[in-house]
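# Coordinate inspection notes
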Amino acid sequence: MTGYLTTHVLDTARGCPAAGLKIELFRLEGETRTHLRSLTTNADGRTDEQILPAAEFQTGTYELLFHCGDYLDANGTPPEEPRFLDVVPLRFGMSEAAHYHVPLLLSPFGYSTYRGS
């Protein structure tokens, strides 16, 4: 099996997919942080393509940056300065060539994640 990475972002406060949320992917190697790509979630809260496709997959440590503050601002969450959640970083490891699904459940004042399927 070839590995790849996907995500799904759900707005738990509004009860819907988080459409239009910017996501960035970085590969971490020691002190080096390499930007691999930027994507935006679609109407289903997913990206139109795999975040890390099979052709580019390598085991290692990665970071997803979810730009939640911009999404919350665009969807009517009352503004605050600074916003409690702005950019949410998730660091995780991929140790085998498998499908890694890293969803984000988001509200203005909290989030959770897990390794999905």
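Residues numbered from 1 in each chain as written. Predicted model: local features only at pLDDT ≥ 70, side-chain atom pairs only at ≥ 80, totals over all residues. Heavy atoms only, no water.

Where an unreviewed UniProt entry is consulted, the chain appears under the name 5-hydroxyisourate hydrolase, with the organism given as Sulfitobacter delicatus. Under Catalytic activity (unreviewed entry), UniProt gives the following word-for-word description of the chain: "5-hydroxyisourate + H2O = 5-hydroxy-2-oxo-4-ureido-2,5-dihydro-1H-imidazole-5-carboxylate + H(+)". Taken from UniProt, the Subunit (unreviewed entry) comment for the chain reads in full: "Homotetramer." (UniProt positions renumbered as here; feature names shortened; annotations may be inferred.)

## Remarks on the environment of Gln 58
Note that Gln 58 resides in the loop between strand 5 (32-40) and strand 6 (60-67). Taking the C-alpha atoms as reference points, Gln 58 and Leu 105, separated by 47 residues in sequence, lie 26 Å from one another. Apart from residues lying up to four places away in sequence, Gln 58 is in contact with Arg 27 and Met 94. (Helix = DSSP H or I, 4+ residues; strand = E, 2+ residues; numbered from the N terminus. Contact = heavy atoms within 4.5 Å.)

## Here we look at the pairing of strand 5
Taken together, the 8 bridges between strand 4 (residues 22-29) and strand 5 define a ladder with antiparallel strand orientation. Paired with Glu 29 across the strands is Thr 32, a residue of strand 5. The hairpin turn running from strand 4 into strand 5, its antiparallel successor, is 2 residues long, and Gly 30 in that turn takes a positive phi close to 60°. (Pairing = 2+ DSSP bridges.)

## Focus: the UniProt feature "binding site: substrate" (unreviewed entry) in the chain
Feature annotation in UniProt assigns "binding site: substrate" (unreviewed entry) to the following positions: His 8, Arg 46 and Tyr 114. With respect to the helices and strands, Arg 46 occurs in the loop between strand 5 and strand 6. In contact with Arg 46, other than residues within four places in its own chain, are Thr 7, His 8, Thr 40, Thr 41 and His 101. Here Tyr 114 shows up in the segment after strand 10 (110-113).

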